[in-house]
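Coordinate inspection notes
Spelled out, the chains give:
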Number of protein chains: 2
Amino acid sequence: MFELDRSSPTPLYQQLRDQVRQRILSGALPPGTKLPPERTLAVRLGVNRTTVVNAYRELAAEGLVEGRVGHGTVVLRLPEEAAPGAVRPMRWAGPTEAEEPLMADISAIVRRPGAVSFAHGEMSPELYPTGALRELAGRVLEDGTALGYGPIAGYGPLREAIAAELGVTPEHVLILAGSQIALYLISRVLLQPGDTVLVEMPSYVNSLGIFDAAGVRVVPVPVDRDGLVVDGLDELMLRYQPKLLFTLPTYHNPLGVTLTLERRRRLIQLAARHQLGIVEDDPYGRLHFTAHPVPTLKSLDPGDYVIYISSFSKSVSPALRLAWIVAAPPVVERIARARGNLDFRAALLNQRLMEAFLREGRMAEHLAALRPVLKARRDALLEALQAHMPEGVTWYVPEGGYHVWCTLPRPLTARRLLVEAGREGVAFMPGDYYGAGQLARRGFRLNFSYPRPEQIGPGVQRLARAVERLMREEAAAGGEPGAFSGPVV
Amino acid sequence: MFELDRSSPTPLYQQLRDQVRQRILSGALPPGTKLPPERTLAVRLGVNRTTVVNAYRELAAEGLVEGRVGHGTVVLRLPEEAAPGAVRPMRWAGPTEAEEPLMADISAIVRRPGAVSFAHGEMSPELYPTGALRELAGRVLEDGTALGYGPIAGYGPLREAIAAELGVTPEHVLILAGSQIALYLISRVLLQPGDTVLVEMPSYVNSLGIFDAAGVRVVPVPVDRDGLVVDGLDELMLRYQPKLLFTLPTYHNPLGVTLTLERRRRLIQLAARHQLGIVEDDPYGRLHFTAHPVPTLKSLDPGDYVIYISSFSKSVSPALRLAWIVAAPPVVERIARARGNLDFRAALLNQRLMEAFLREGRMAEHLAALRPVLKARRDALLEALQAHMPEGVTWYVPEGGYHVWCTLPRPLTARRLLVEAGREGVAFMPGDYYGAGQLARRGFRLNFSYPRPEQIGPGVQRLARAVERLMREEAAAGGEPGAFSGPVV
């Protein structure tokens, strides 16, 4: 009836007192009930008799029970206004909409024995720089200086290190508790209801719902194998007068593609011409598989048009919740003020850890080991796609990052495929999670950072079987590949 | 001219390439400029010649420079649209209001040698359980399982531990990245523009600006030495139909007072009668100086009227950014959905750390050591106030927590005192930071968790001198204590 938790920091007598009180107030132990004798209850719960004595004594002090010699401890009648009948539960409204079932569906697939998940957005645990972090944690915790709040803009030496990497001043850098917080604050500080923004389509940003809540209009911009399509942007900017453009130019999520250097330069020129801010999200930039990665938009931006966001979540670990904005000092100033009543600070302990990780060259070591491993997984995935996928399925080759984007031939859709794939115990992220339109609906994202290397080939093989099944159903239903054959899911 | 950072993870040749490019694009190195010869620049920067060779080669590939035999490497004329003249800096608006200078003023005081700060909201570093956290970090990082994203509602065993402490189910518990995020999400999910909330006055919540931005009306409720004043709440509730009441009942910030058990019961009854939710913020609850602390509102709340917030920031460390909401499952569900595009997750590494800290009894050890130390600092502060403060200054005695609240006699104000105290090298938080009204304006908060024990007496002595100076000025200006003598700051 009572459950005491010996591992809890709350003393046992207090736990018992609270649980008895709860039952008295809720009416489960009505007035006149005789509580178990102290010794009996002590034996039953396996505690000292003093524990029970103290619990009963406090309840008596609260006027809830009374110890009567020869009668034991009895529950008293409560003052009328505290009578259990008056304490009905609060009626809290639950969520108004059913939750998007996608994540639950994917979780259900992935939970089964033998399942292969291409749906993750993180690395498999053995790829984290665990040993280095353990060693540095020991050093950072040699004294208590890493355990206070820290400065509001972030730990100074970490800001300096990030500033040096990007060739800017520390006043350009603000450390935040994650990229989502960064996007949210940028939106809150720089946008107002009625403003327009340009957003890549597809893009993970579309799944966030940041702009709906803010009353901001989203105009989609297409993305192809060379990244954001810059042709036509001039007209879009003239027509819609957007305030900001959101792009993830390096190993795009979900398409994996890279914005070419030429398009990057043109984009910066357009921004200058239209006085448009560009938000460059760069979570995967360090995870390049080529010797000469394309420079960030930020490094091509002497005019500070770009608000650059990055984090350690994809290159080191998402368990740290550390991201940074790099932007013109007036922007940093405004966002720093707004964060004071939101995330307040990024965890100082984690900032100290990562500053040491950078300073001691552990990042370079970690990346030198990680890049070839991720590249090998990408290659395994591409080889398996080549070997097993039926004609008509296409994919982009990413030069880094975590994901490969595949496209099904009409009229197949990724949602239908997910149902079939689920039967094969394979999961992935369907493209319409990232936006609207044909490309998104027929597309799906395959992650290669999470599955073990030996799972990739078999996983793709099973996925290919699911595609083939879907194609046969389609043909049987009378459709030709490329012909419309009914409502697309 | 070029500064290369050898400790940066970015290869040196990339750093050089980026810096040269920046200067070309900004016009600092105009077309026709001859770059330093490779060997010369290598010697000047103290790098391998290959570093310079590779940097120049990449710039040539980008079309920015050209290597001419016998002439060296020359900056090319850029395509017209990339000409430096077209790249003017983006005009970003800075903050529209001057920043509240209070924090800067306090920082200025505290920076001086010999300054004593009673203005902090954290502990001095030696009070953190550094050794225990170091040891547990080593164990939690024995493998990479603490380095992924973790579940959206928080690490399961940590939710269970917190649920057990409070006698609720894990479905009642959500782990968030800080108390401010918790307050923000509660406001966003449960309140709409035009709603009314009841908020203690003074209260740190008033300094957050959460409700202004949300279009929510704030009705203040007074607090006295026994906490929130419950008399009159019934009428307030009938008149304003508030949705929520915000209270910090245990070692109130900034007043330090404790809501009595009797008032707690009455408050829960009122909530039930009016179907009003109560937000109970409890950051200091573990830091009690008495053997029998008052039970939380949540533990007296079988009807789930209370949304309980707590964190480890004040009892263990603010560097972890870990807080939790304990509320009826429908409320938890709604807040869990909203957090997905805000803080997204609380740091899994830190959650694992604290779950181990609780499970292994380190919390109980830490608190057993910490409470007497904080109590001794409180006692030193109270003794010094008694010994040095002039007649007319009063204070509350807190039964736990971090702070003592003092009140100046009319017509003195805490803001005027801060100026005088600054001359003595003593800082504190003036009451009007926490809200409007006489009590706030004449009051100030003295923190005892941060100053070293040996600083407390001398700090109060100097503060008392500042009070005396202020009183003499007041008397010299012709005022009698208690008489109005001009505008109150």
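Residues numbered from 1 in each chain as written. Chains lettered and ligands numbered in written order. Predicted model: local features only at pLDDT ≥ 70, side-chain atom pairs only at ≥ 80, totals over all residues. Heavy atoms only, no water.

- Chain A appears in an unreviewed UniProt entry as DNA-binding transcriptional MocR family regulator from Symbiobacterium terraclitae.

**Considering the overall build of chain A**
- When helices and strands are tallied, chain A shows 16 helices and 15 strands.
- Its C-alpha radius of gyration of 29 Å places chain A more than 25% over the 23 Å reference for a compact globule of 489 residues.
- Overall size of chain A, expressed as C-alpha extent along the three principal axes, is 90 × 65 × 50 Å.
- Looking at the 489 residues of chain A, the share that counts as buried comes to 59%.
- In chain A, of all internal contacts separated by at least 6 residues, the share reaching a separation of at least 24 is 72%.
- Here chain A has roughly 18800 Å² of accessible surface; of this, 52% comes from carbon and sulfur atoms.
- Within chain A, one finds 55 positive and 52 negative side-chain charges whose respective centroids are separated by 5 Å. (Helix = DSSP H or I, 4+ residues; strand = E, 2+ residues; numbered from the N terminus. Rg over C-alpha atoms; globule rule 2.2 N^0.38 Å. Buried < 20%, exposed > 50% of the residue type's maximum accessible area, 1.4 Å probe, protein only. Contact = heavy atoms within 4.5 Å. Areas by Shrake-Rupley, 256 points an atom, 1.4 Å probe, with all protein chains shown as cover. Lys, Arg positive; Asp, Glu negative; His and termini not counted. Charge placed at Lys NZ, Arg CZ, Asp CG, Glu CD.)

**Observations regarding the sheet that holds strand S8 (residues 244–247) of chain B**
Residue and element names in this part refer to chain B.
- Ordered in space as S4-S11-S10-S9-S8-S5-S6-S7, the eight strands form an open sheet in which the pairing is mixed. On the outer flanks of this sheet lie strand S4 (173–176) and strand S7 (227–228), each paired with one strand and no other.
- As defined by bridge partners, S4 adjoins strand S11 (residues 323–326) across four bridges and the pair is classed as antiparallel. Across the sheet, the residue bridging to Val-173 is Val-326, located in S11.
- Here helix H6 (residues 156–166) sits on the sheet and contacts S4, strand S10 (306–311) and S11; the angle it forms with S4, its principal contact strand, is near 125 degrees. (Pairing = 2+ DSSP bridges. Axes fitted to C-alpha atoms, helices over the stretch in contact; angles between N-to-C directions.)

**Points about the pattern of salt bridges**
All names here are of chain A.
- This model, assessed by the stated rule, comprises 60 salt bridges over all chains.
- The partner of Asp-304 in a salt bridge is Lys-298, with the nearest N and O atoms 2.7 Å apart.
- Asp-304 gets classed as buried once you look at its relative accessible area, which sits at 16%.
- Of the residues examined, Lys-298 reaches a relative accessible area of 4% and is grouped as buried.
- Here the salt bridges share partners, and the residues they tie into one network are Glu-135, Arg-139, Glu-355, Arg-359, Glu-360, Arg-362 and Glu-365. (Salt bridge = Lys/Arg side-chain N within 4 Å of Asp/Glu carboxyl O.)

**Brief notes about the interface of chain A and chain B**
- The interface of chain A with chain B comprises 109 residues on the first partner and 111 residues on the second.
- For the chain A and chain B pair, buried surface summed over both sides reaches about 9100 Å², with 58% attributable to carbon and sulfur atoms.
- Viewed at the interface, chain B and chain A are joined by zero salt bridges.
- Of all the secondary structure elements, the ones that give two or more residues to the side of chain A that touches chain B are helix H1 (12–26), helix H5 (130–140), helix H6 (156–166), helix H7 (179–190), helix H10 (261–274), helix H11 (329–339) and helix H12 (348–359) of chain A.
- Residue contributions to the side of chain A that touches chain B peak at eight residues, all from H1(A).
- Residues belonging to the side of chain A that touches chain B are distributed by class as follows: 53 nonpolar, 26 polar and 30 charged. (Buried area = accessible area lost by both parts, 1.4 Å probe. Nonpolar A, V, L, I, M, F, W, Y, C, P; charged D, E, K, R; others polar.)

**Topic: the confidence of the model for chain A**
All names here are of chain A.
- Summing up the model confidence of chain A, the mean pLDDT is 91 and the portion of residues at 70 or higher is 95%.
- In the model, residues 485–489 has pLDDT below 50 throughout and makes 10 contacts with residues more than four positions away in sequence or in other chains.
- For this predicted complex, the interface confidence reaches an ipTM of 0.83, while the overall pTM sits at 0.84. (pLDDT = per-residue confidence, 0-100.)

**As for the packing of aromatic side chains**
All names here are of chain A.
- Under the definition given, this model contains 15 aromatic pairs over all chains.
- Aromatic pair Tyr-433 and Tyr-434: ring centres 5.1 Å apart, planes at 90 degrees, arrangement edge-to-face.
- Given a relative accessible area of 2%, Tyr-434 falls into the buried group.
- The cationic tip of Arg-345 hangs over the ring face of Phe-344; the distance from NZ or CZ to the ring centre is 4.5 Å. (Phe/Tyr/Trp six-rings, centres within 6.5 Å; stacked < 30°, edge-to-face > 60°. Lys NZ or Arg CZ within 6 Å of the ring centre and 35° of its normal.)

**Concerning the pairing of strand S15 (residues 443–447) of chain B**
Residue and element names in this part refer to chain B.
- By the criterion of burial, S15 is predominantly enclosed, with five of the five residues buried.
- The alternating pattern of S15 places Gly-443, Arg-445 and Asn-447 on one face and Phe-444 and Leu-446 on the opposite face, and all of these are buried.
- In terms of strand pairing, strand S14 (residues 426–430) meets S15 through two bridges, oriented antiparallel. In the strand pairing of S15, Met-429 is matched with Arg-445.

**Some remarks on the sheet that holds strand S4 (residues 173–176) of chain A**
Residues and elements named next belong to chain A.
- Overall, mixed pairing links the eight strands, which are arranged S4-S11-S10-S9-S8-S5-S6-S7 in an open sheet. The open sheet has two edge strands with one neighbour each: S4 and strand S7 (227–228).
- Strand direction decides the pairing type here: strand S6 (residues 217–224) and S7, joined by two bridges, are antiparallel. The residue bridging Asp-224 from the neighbouring strand is Gly-227, located in S7.
- Contacting S4, strand S8 (244–247), strand S9 (277–281), strand S10 (306–311) and strand S11 (323–326), H7 runs over the sheet at an angle of about 155 degrees to S10.
- Each of S4, S10 and S11 touches H11; the most contacted strand, S4, lies at about 25 degrees to it.

**Re the side chain of Thr196(A)**
Residue and element names in this part refer to chain A.
- Looking at the element boundaries, Thr-196 is found in strand S5 (residues 196–201).
- For Thr-196, a relative accessible area of 4% translates into the label buried.
- Here the side chain of Thr-196 touches Arg-217 through a polar contact of 3.1 Å, side chain to side chain.
- Excluding residues within four positions of it along the chain, Thr-196 makes contact with Arg-217, Val-219, Tyr-240, Pro-242, Lys-243 and Leu-244. (Polar contact = N/O pair within 3.5 Å; in protein donor to acceptor, adjacent residues only side chain to side chain.)

**Points about the relation of the copies chain A and chain B**
- Rotating chain A by 180 degrees about the axis while translating it 0.0 Å along that axis superimposes it on chain B, leaving an RMSD of 0.1 Å. What the rotation and shift describe, once combined, is the action of a two-fold rotation axis.
- Taken as a fraction of all interface residues of chain A, those also at the interface in chain B reach 100%, which identifies the copy contact as same-surface. (Least-squares fit on C-alpha atoms with pLDDT ≥ 70 in both.)

**Focus: the environment of Leu16(B)**
All names here are of chain B.
- Note that Leu-16 resides in helix H1 (residues 12–26).
- In sequence terms Leu-16 and Ala-427 are 411 residues apart; their C-alpha atoms lie 47 Å from each other.
- Leave out the neighbours within four places in its chain, and Leu-16 touches Phe-2, Leu-4, Leu-41, Leu-45, Val-52 and Ala-55.

**Notes on the packing of H12(A) against helix H13 (residues 362–388) of chain A**
All names here are of chain A.
- At their nearest, the axes of H12 and H13 sit 5 Å apart, and the two run at 75 degrees to each other. The angle between the axes of H12 and H13 places the two elements in the roughly perpendicular class. Together, Met-354, Phe-357 and Leu-358 of H12 and Arg-362, Met-363 and His-366 of H13 make up the contact between the two elements.
- Residues belonging to the contact of H12 with H13 are distributed by class as follows: four nonpolar, one polar and one charged. (Parallel < 35°, antiparallel > 145°, perpendicular 65-115°, else oblique.)

**Side note on the nonpolar core**
- In this structure, Leu233(A), Phe428(A), Leu233(B), Leu385(B) and Phe428(B) are the most contacted members of the largest nonpolar core, which totals 272 residues.
- In this view, Phe428(A) contacts Ile106(A), Phe118(A), Ala119(A), Ala414(A), Leu417(A), Leu418(A), Ala421(A), Phe444(A), Arg445(A), Leu446(A) and Leu463(A); residues no more than four positions away in its chain are not counted. (Core = buried A, V, L, I, M, F, W, Y, C linked by side-chain atoms within 4.5 Å.)

**Observations concerning helix H16 (residues 453–476) of chain A**
All names here are of chain A.
- A rise of 1.5 Å per residue sets the reference length of H16, with its 24 residues, at 34 Å; its end C-alpha atoms lie 36 Å apart and thus fit the reference within 8%.
- Residues of H16 that are buried include every one of Ile-456, Gly-459, Val-460, Arg-462, Leu-463, Ala-464, Ala-466, Val-467, Leu-470 and Glu-474, and no others.
- Elements in contact with the buried residues of H16: strand S3 (116–118), H13, helix H14 (414–423), strand S14 (426–430) and strand S15 (443–447).
- Within two residues after H16, Gly-478 carries a phi angle of roughly 100 degrees, on the positive side. (Expected span 1.5 Å × (residues − 1).)

**Quick look at the side chain of Glu200(B)**
Residue and element names in this part refer to chain B.
- Locating Glu-200 in the fold gives a position in strand S5 (residues 196–201).
- Comment: no salt bridge for buried Glu-200; closest opposite-charge side chain is Arg-263, at 8.5 Å.
- Within the structure, the side chain of Glu-200 is placed 2.6 Å from the side chain of Thr-247, a separation counted as a polar contact.
- Within the local environment of Glu-200, its side chain forms a polar contact with the side chain of His-252, the two groups lying 3.1 Å apart.
- Every residue in contact with Glu-200, bar those within four places of it in the chain, is listed here: Asn-206, Val-221, Val-223, Leu-228, Phe-246, Thr-247, Leu-248 and His-252.

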